[in-house]
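Summary of structural features
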Amino acid sequence: MTGLSKASTAKEIVAHLKTLASEENRQGMKRYGIRIEHALGISHGEQRRIGKLIAKNHERAFELWASGIMEAKFIASITADPKRFTAKDARAWAAEFDSWDIVDGVSDLFVDCDAWRGLIDEFAADEREFVRRTAFAMMAWSVVHRKKEPDETFLAYLPIIEKYSTDPRNFVRKAVNWALRSIGKRSMALNAAALETARRLAASSDKTARWNGKDAVRELTAEKTLAVIARREASRAAKAR
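Quick summary incoming for the structure in this document. Quick caveat, the model's predicted, so the values are computed rather than measured. (Residues numbered from 1 in each chain as written. Predicted model: local features only at pLDDT ≥ 70, side-chain atom pairs only at ≥ 80, totals over all residues. Heavy atoms only, no water.)

A tally of regular secondary structure across the protein gives 15 helices and zero strands. Its C-alpha atoms give the protein a radius of gyration of 19 Å, near enough to 18 Å, the size a compact globule of 241 residues would have. Residues classed as buried in the protein amount to 50% of the 241 residues present. Expressed as a percentage of contacts within the protein between residues at least 6 apart in sequence, the contacts between residues at least 24 apart total 70%. Of the roughly 12,100 Å² that the protein leaves accessible, carbon and sulfur atoms contribute 54%. (Helix = DSSP H or I, 4+ residues; strand = E, 2+ residues; numbered from the N terminus. Rg over C-alpha atoms; globule rule 2.2 N^0.38 Å. Buried < 20%, exposed > 50% of the residue type's maximum accessible area, 1.4 Å probe, protein only. Contact = heavy atoms within 4.5 Å. Areas by Shrake-Rupley, 256 points an atom, 1.4 Å probe, with all protein chains shown as cover.)

Leu64, Phe97, Phe110, Phe123, Phe136 and Ile161 are the most contacted members of the largest nonpolar core, which totals 72 residues. In terms of residues, this core owes the most to one element, helix 9 (residues 129–145), which gives eight residues. For Phe136, the residues in contact, after removing those within four places along its chain, are Ala124, Ile160, Ile161, Tyr164, Ala175, Val176 and Ala179. (Core = buried A, V, L, I, M, F, W, Y, C linked by side-chain atoms within 4.5 Å.)

On to unusual backbone geometry. Of note in the backbone geometry, Ala55 takes a positive phi value of approximately 65° without being a glycine. Within the secondary structure, Ala55 sits in the loop between helix 3 (44–54) and helix 4 (58–66).

Turning our eyes to something else, we now look at helix 12 (residues 170–184). Relative to the 21 Å expected for 15 residues at 1.5 Å per residue, helix 12 spans 21 Å between its end C-alpha atoms, a close match to the ideal helical length. With respect to burial, helix 12 is a largely interior element, eleven of its 15 residues being buried. Taken together, the buried positions of helix 12 are occupied by Phe171, Val172, Ala175, Val176, Asn177, Ala179, Leu180, Arg181, Ser182, Ile183 and Gly184. (Expected span 1.5 Å × (residues − 1).)

Bringing the side chain of Arg60 into the picture now. Mapping Arg60 onto the fold places it in helix 4. Among buried Asp, Glu, Lys and Arg side chains, Arg60 stands out as unpaired, with Glu63 the closest opposite charge at 7.5 Å. A distance of 2.9 Å separates a polar atom in the side chain of Arg60 from the backbone oxygen of Ser8. Here Ile54 takes part through its backbone oxygen, which lies 2.9 Å from a polar atom of the side chain of Arg60. When sequence neighbours within four positions are dropped, the list of residues in contact with Arg60 reads Ser5, Lys6, Ser8, Thr9, Ala10, Ile13, Ile54 and Ala55. (Lys, Arg positive; Asp, Glu negative; His and termini not counted. Salt bridge = Lys/Arg side-chain N within 4 Å of Asp/Glu carboxyl O. Polar contact = N/O pair within 3.5 Å; in protein donor to acceptor, adjacent residues only side chain to side chain.)

Attention now goes to helix 7 (residues 100–112). When the terminal C-alpha atoms of helix 7 are compared, their 19 Å separation across 13 residues agrees well with the 18 Å that a helix rising 1.5 Å per residue should span. The principal kink in helix 7, of about 30°, is found at Val106. For helix 7, the tally of buried residues reaches eleven of 13 residues, placing the bulk of the element in the interior. Along helix 7, the residues classified as buried are Asp101, Ile102, Val103, Asp104, Gly105, Val106, Ser107, Asp108, Leu109, Phe110 and Val111. (Bend = angle between axes of the 7 residues up to and from the residue.)

What follows is about the pattern of salt bridges. Following the criterion strictly, the structure yields 19 salt bridges and no others. In this structure, Glu162 engages Arg200 in a salt bridge whose closest nitrogen and oxygen atoms are separated by 2.8 Å. Here Glu162, found in helix 11 (residues 158–163), pairs with Arg200, found in helix 13 (residues 188–202); they are 38 residues apart in sequence, far enough to count as distant. You can call Arg200 partly exposed: its relative accessible area is 40%. Across the pair Lys185 and Glu219 runs a salt bridge whose closest N-O atoms are separated by 2.7 Å. Within this pair, whereas Lys185 is found in the loop between helix 12 and helix 13, its partner Glu219 is found in helix 14 (residues 207–220), the two being separated by 34 residues in sequence. A residue is classified by how much of its surface remains accessible, and Lys185, at 28% relative accessible area, is partly exposed. A relative accessible area of 24% means that Glu219 is categorised as partly exposed. One continuous salt-bridge network, built from bridges that share partners, spans Arg181, Lys185, Asp215, Arg218 and Glu219.

In structure tokens form, the structure reads like this:
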């Protein structure tokens, strides 16, 4: 038993997290390109379990974020209230991003807040590596979270993907690729549009854009991918009847 509950304070939660610290896990994280200066080495599964135990508490989430501990920051993101989370809050948190894993974890929250679409445009134009990554992580997550969004929303992201497909920084290019592939797997119509973008990038003279395009073409034309999209669309059609 952890002793944690909905009534636990940020101080108590941080104290508990410190008891779970693992140097072995920290070094394992480092091998995956995760910065560990502020990490304790706690698995995401355990972090999510703690998040469920302590439940949502918007004010406490900001106290957890202020601790500076990576795991506490992730728990802050899953216990904050997305309906109360503002664009100003997102900008402040994104300014502190220093590792791809915290970007990808917290972007999940950003997609659920009301300002998400404007933030994608804003963050994509930002020159800071992890802030720009945030934009494309948000695009990828929005495919999953924003189920009622029309295809037009995601079509509008393809020119942004193409614009920044030449950014050679590792954590940006991988997120650009993730966003392109995710959009292309949402529906058959988006698959065709994403493939058109991917093929154009694959023919680019720019090395990074070419890598992004070729990798996306490979996945978006795979029989397995197309079969999954077809099943999903058939299920939607059946529910709509």
